[in-house]
Amino acid sequence: MKNRGRFGDFGGFYVPEVLIPVLEELEAAFYRYYEDPRFVAALGLLLRDYAGRPSPLYHAKRLSEHVGFQVYLKREDCLHGGAHKVNNTLGQGLLARYMGKTKLIAETGAGQHGLGTAMVGALLGMETKIFMGVTDIERQSVNVHKMRLHGAQVIGVEGGTGTLKDAINDALRYWTGHVTDTFYLFGSACGPHPYPTIVRHFQSCIGAEARRQCLEQCGRLPDTVVACVGGGSNAIGMFSGFLADEGVKLVGVEAGGRSLAQGRHAATLVAGRVGVLHGAKAYLLQDEEGQVHETESVSAGLDYPAVGPEHCYLKDTGRAQYVAAGDEAVLDAFEALAKLEGILPALESSHALAYVMGLKGRLDGDAIVVVNLSGRGDKDVGIVEKCRRDNLGQA
Amino acid sequence: MKSYREVFGQLRREGRAALIPFFVIGDPDFETSLGVVKAAVDAGADVLELGIAFSDPIADGPTIQKAGIRAMRAGMTVARALEFIGRVKAYKDVPIGLLMYYNLVYQYGVERFCVNAHAAGVNSILVADLSIDDADEVAGPARKAGLDTVFMVTPNTAEQRMTRIAAATTGFVYTVSVLGVTGSRDELSGQVEGLVGRLKRLTDVPVCVGFGISRPEHAVAVARAGADGVIIGSKVVSMIEQNLGAPGAMKEAITGFLGDIRVALGG
Ligand SMILES: Cc1ncc(COP(=O)(O)O)c(C=O)c1O
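About the cut-offs
Residues numbered from 1 in each chain as written. Chains lettered and ligands numbered in written order. Predicted model: local features only at pLDDT ≥ 70, side-chain atom pairs only at ≥ 80, totals over all residues. Heavy atoms only, no water. Helix = DSSP H or I, 4+ residues; strand = E, 2+ residues; numbered from the N terminus. Rg over C-alpha atoms; globule rule 2.2 N^0.38 Å. Buried < 20%, exposed > 50% of the residue type's maximum accessible area, 1.4 Å probe, protein only. Contact = heavy atoms within 4.5 Å. Areas by Shrake-Rupley, 256 points an atom, 1.4 Å probe, with all protein chains shown as cover. Lys, Arg positive; Asp, Glu negative; His and termini not counted. Charge placed at Lys NZ, Arg CZ, Asp CG, Glu CD. Polar contact = N/O pair within 3.5 Å; in protein donor to acceptor, adjacent residues only side chain to side chain. Buried area = accessible area lost by both parts, 1.4 Å probe. Salt bridge = Lys/Arg side-chain N within 4 Å of Asp/Glu carboxyl O. Nonpolar A, V, L, I, M, F, W, Y, C, P; charged D, E, K, R; others polar. Pairing = 2+ DSSP bridges. Axes fitted to C-alpha atoms, helices over the stretch in contact; angles between N-to-C directions. Expected span 1.5 Å × (residues − 1). Parallel < 35°, antiparallel > 145°, perpendicular 65-115°, else oblique. Core = buried A, V, L, I, M, F, W, Y, C linked by side-chain atoms within 4.5 Å. Left-handed = near helix turned anticlockwise from the far one by under 90°. Right-handed = clockwise from strand over helix to strand, strands pointing away. Near = heavy atom within 4 Å.

Enquirer: Explain the overall build of chain B to me, and be specific about the residues and the numbers.
Expert: For chain B, the count of helices and strands is 12 helices and 9 strands. For chain B, the C-alpha radius of gyration of 17 Å lies close to 18 Å, the compact-globule estimate for 267 residues. Viewed in the frame of its principal axes, chain B has a C-alpha envelope of about 45 × 40 × 30 Å. Across the 267 residues of chain B, 64% fall into the buried class. Within chain B, counting contacts between residues at least 6 apart in sequence, those at least 24 apart form 74% of the total. Counting every atom, chain B has about 9500 Å² of accessible surface; 49% of that belongs to carbon and sulfur. Between the centroid of the 27 positive side chains of chain B and the centroid of its 29 negative side chains there is a distance of 3 Å.

Enquirer: Got a sec to walk through the side chain of T163(A)? Specific residues and values, please.
Expert: Residues and elements named next belong to chain A. Mapped onto the secondary structure, T163 falls in the loop between β7 (153-157) and α8 (164-177). Within the local environment of T163, its side chain forms a polar contact with the side chain of T161, the two groups lying 3.1 Å apart. With residues near it in sequence (within four places) discarded, T163 still touches G133, T135, D136, R139 and D303.

Enquirer: Kindly report on the interface of chain A and chain B, identifying the contributing residues and their values.
Expert: When the parts of a complex come together, some accessible area is lost, and that lost area is often taken as the interface size. Contacts between chain A and chain B engage 34 residues on the former and 36 residues on the latter. Of the roughly 2900 Å² buried at the junction of chain A and chain B (both faces included), carbon and sulfur atoms supply 50%. When the area that chain A buries against chain B is broken down by residue, the three leading residues are E17(A), R173(A) and E289(A), summing to 26%. The interface formed by chain A and chain B includes 5 salt bridges. The closest approach of N and O atoms between K281(A) and E137(B), which form a salt bridge, is 3.3 Å. Between the two partners, chain A and chain B, sit 22 residue pairs in polar contact (both at pLDDT 80 or more). Mapped by element, the contributors of at least two residues to the side of chain A that touches chain B are β2 (10-14), α1 (20-33), α8, β11 (273-277) and β12 (279-284) of chain A. In terms of residue count, α8(A) provides more of the side of chain A that touches chain B than any other element does, 6 residues in total. Split by residue class, the side of chain A that touches chain B holds 16 nonpolar, 8 polar and 10 charged.

Enquirer: With reference to specific residues and values, describe unusual backbone geometry.
Expert: Residue R53(A) is joined to P54(A) through a cis peptide bond whose omega torsion reads -5 degrees. Structurally, P54(A) can be placed in the loop between α2 (37-51) and β3 (57-59). Here the bond from H193(A) into P194(A) is cis, since omega is 10 degrees, no more than 30 degrees from zero. The backbone of F211(B) sits at a positive phi, close to 80 degrees, despite the residue not being glycine.

Enquirer: Can you break down the sheet that holds strand β8 (residues 207-210) of chain B residue by residue, with the values?
Expert: Pairing between the strands of a sheet is mediated by backbone hydrogen bonds and can be parallel or antiparallel. Residues and elements named next belong to chain B. A sheet is described by the order of its strands in space; here 9 strands give the open sequence β5-β4-β3-β2-β1-β9-β8-β7-β6, paired in parallel fashion. Sheet topology places β5 (148-149) and β6 (152-153) at the edges, where each strand pairs with a single neighbour. With 4 bridges connecting them, strand β1 (residues 18-24) and strand β9 (residues 229-232) associate as parallel partners. Of the residues in β9, the one forming a bridge with P21 is I232. The strands touched by helix α11 (residues 234-242) within the sheet are β1 and β9, with β1 carrying the most contacts at an inclination of about 45 degrees.

Enquirer: With reference to specific residues and values, describe the pattern of salt bridges.
Expert: Applying the stated criterion to the full structure yields 46 salt bridges over all chains. The partner of R16(B) in a salt bridge is E14(B), with the nearest N and O atoms 3.5 Å apart. The network of salt bridges with common partners includes R6(A), D9(A), K281(A), D134(B) and E137(B).

Enquirer: Which residues make up helix α13 (residues 327-341) of chain A, and what values go with them?
Expert: Residues and elements named next belong to chain A. End to end, α13 covers 21 Å across 15 residues, agreeing with the expected 21 Å (1.5 Å per residue, within 8%). Among the residues making up α13, those that are buried are D327, V330, L331, A333, F334, A336, L337, L340 and E341. In the stretch just after α13, G342 is the one whose phi turns positive, near 70 degrees.

Enquirer: Hey, could you go over the packing of α1(A) against helix α4 (residues 85-99) of chain A for me, with residue numbers and the actual values?
Expert: All names here are of chain A. Interaxial distance between α1 and α4 falls to 10 Å at its minimum, and their mutual angle equals 100 degrees. When the axis of α1 is compared with that of α4, the two are roughly perpendicular. Packed against α1, whose contacting residues are E25, L26, A29, F30 and Y33, the element α4 presents L95, Y98 and M99 at the interface. In terms of residue class, the contact of α1 with α4 is built from 7 nonpolar, no polar and 1 charged.

Enquirer: Please give an account of the nonpolar core that cites residues and values.
Expert: Core analysis: the biggest nonpolar cluster contains 168 residues, and L95(A), F23(B), L48(B), F113(B) and Y174(B) have the highest contact counts within it. Sequence-distant contacts of F23(B), defined by excluding residues within four places in its chain, comprise V36(B), V37(B), A40(B), L48(B), E49(B), L50(B), G51(B), V236(B), I240(B) and I254(B). Membership of the second largest hydrophobic core comes to 35 residues, among which are A60(A), L340(A), A352(A) and C387(A).

Enquirer: Just give me the short version of the packing of helix α2 (residues 30-42) of chain B against helix α4 (residues 78-91) of chain B, but keep the residues and values in it.
Expert: All names here are of chain B. Two elements in contact, α2 and α4, have axes whose closest approach is 10 Å; the angle formed by their N-to-C orientations is 35 degrees. Considering how the two elements wind past one another, α2 and α4 form a crossing that is right-handed. When α2 is examined against α4, the residues F30, E31, S33, L34, V37, K38 and D42 are found in contact with a partner set consisting of R80, E83, F84, R87, V88 and Y91.

Enquirer: Quick one: what's the story with the sheet that holds strand β8 (residues 182-184) of chain A, residue by residue and with numbers?
Expert: All names here are of chain A. Pairing is parallel across the open sheet formed by 4 strands, whose spatial order is β7-β6-β5-β8. The open sheet terminates on both sides in strands that have one partner only, identified here as β7 and β8. The sheet shows a mean angle of 25 degrees between the axes of neighbouring strands, direction not considered. When strand β5 (residues 103-108) meets β8, the two strands line up parallel, connected through 3 bridges. Bridge pairing links I105 to Y184 in β8.

Enquirer: Let's hear about the pairing of strand β9 (residues 224-228) of chain A: which residues, and what values?
Expert: All names here are of chain A. Summarising burial for β9: 5 of the 5 residues are buried, a large majority. Side chains of β9 alternate between two faces, with T224, V226 and C228 and V225 and A227 buried alike. As defined by bridge partners, β9 adjoins strand β10 (residues 249-257) across 5 bridges and the pair is classed as parallel. Residue A227 lies in a different strand from β10, and its bridge partner there is G252. For the handedness criterion, the β-α-β arrangement of β9, helix α10 (residues 233-240) and β10 is classed as right-handed. Judged from the 3 bridges that link them, β9 and strand β14 (residues 368-373) form a sheet pairing that is parallel. Pairing of V226 across the sheet is with V371, part of β14.

Enquirer: Break down the site of the ligand for me, with residues and values.
Expert: Residue and element names in this part refer to chain A. Taken together, 18 residues form the shell around the ligand, and within it S188, G230, S233, N234 and S374 come nearest. Here G231 contributes a backbone N or O atom positioned 3.2 Å from an oxygen atom of the ligand. By residue class, the composition of the shell around the ligand is 5 nonpolar, 11 polar and 2 charged.

The quantities given are spatial measurements derived from coordinates; they are silent on function.
Encoded structure:
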């Protein structure tokens, strides 16, 4: 597989030998089926009738008035399951089925990918195990209950800070011992090849639809496209639709956490250094020696010290720009969208909104900004309330 | 410095498989760890496999994960690990294989790392998350610095790939006995014999077997299958965990266990 799955020098598949044959099998299956008419038709039906695609592109007029330019929200929050994750879980779940695998495993941070996998496990009748850090189990308990209702087993991961990185570690370890019958349904556009490519492909519907919808509604392409970046799946799905449109500015927003001091954030592209974790060469939050740093963010879904390799490449080539939004600005954005538009955004997506709100008054009145509203915020109501109670933000 | 070639050559003449215990350097702390490793050498270790702790060891089960956490909490760093190896080597000239995760080597600078590791007394380097497909990132600098390379073969490795792995290996082939991460297992994997047999037909490079070996009878079975060495990791590491705060008992347990294996291997 050498040289495949590279974005510049980023990516690759830095994994123990035991995983190489499985990744090769996965790569072969993906390239065999992803354009296969039968597969495409089956996935298309599921995306439409099960997930609810296409998702709307919504002109948020009151928010636009507030910031002084035109904001359009790509409503991935309207999808079944409440986030973009279902695009990828349906795609990979179907691929697992075509490969003859009978069991699914997945890692999850916010629980949205775990929920997406649990839904698809139920839909396809596959036994499903979800690895989730113990910290995340506590802060995203609503999603844990939902996963269990769909019949998935949620396995608490104690290691590290009990967050997404630790869940991936244990999912990879489990997979190592169960490679024959188990499909690892990876949740973001990171990890070893071929996952960044597979996940990007299954999420590319976001950008393709948004581009088409923007042309239909506005008669032209947007000036700026904004998405939050954890591992990078919703952002790469959105960006992929506009990469060739040189005039469209692409902005990824990472978790600025409490501050950009070491250990207090998860802004990998903004503050990291190139390293190797979870099978890929990518920007990484780490110490001098290469030990991976702990991270912190109000949003479990962005609380991750690495990032997808294609984003690293887009950063280095200058095609996309990456910034960080801190917890307080994120909470403000969450509440602002709730009040102005009657929409509860996920805390992850609120990072993208926080950046856009920070542009208030700085763009022309007719500038068009498309924001990927990657998920809904029902799961976060308790956290926001708690943060406000603990006086983290200025309520 | 004694080479693998000398040690495995000598053992082949004696008709005995090498006893290769694995330790995480600095577990539970620098001095205790050094005492334990020296005791293991005294108990008859022919080769040492030593690991440098990493924050995210995806190839390791709970026992070795915990050992890494103990070592890091006690202040282990890559620089101190190389110093540790120098101290072991000064005690006795036993070949040392280093087992690491790639990011630590990458951040240190691969060339500089290989040179310094060799200077410290390391014989070979095995990077757990670097397969032969990306081997060129380390293999060239390693050989230039005088280090042997070690790569893994697993029960799901295809024959053709096995040949490529053996060809890229100059130290010994690290044969993983099970599909899974490190950890003691009660039963020896049924796949070992076939795996070792296939490898021995493909290559003259020594073949050592690790993962899940925890009893003298496992070691004997592995040696009978034709392996040149038996690597025992989690089992000895668990003896450190069980005797924390009692370095005397810790050393006694480990030397007793390794002595039994050594006798079982005929030695
Ligand atoms: C709603 C939502 N958005 C974004 C993310 C971050 O993931 P990614 O960067 O892969 O889109 C998550 C992850 O859980 C999520 O739930």
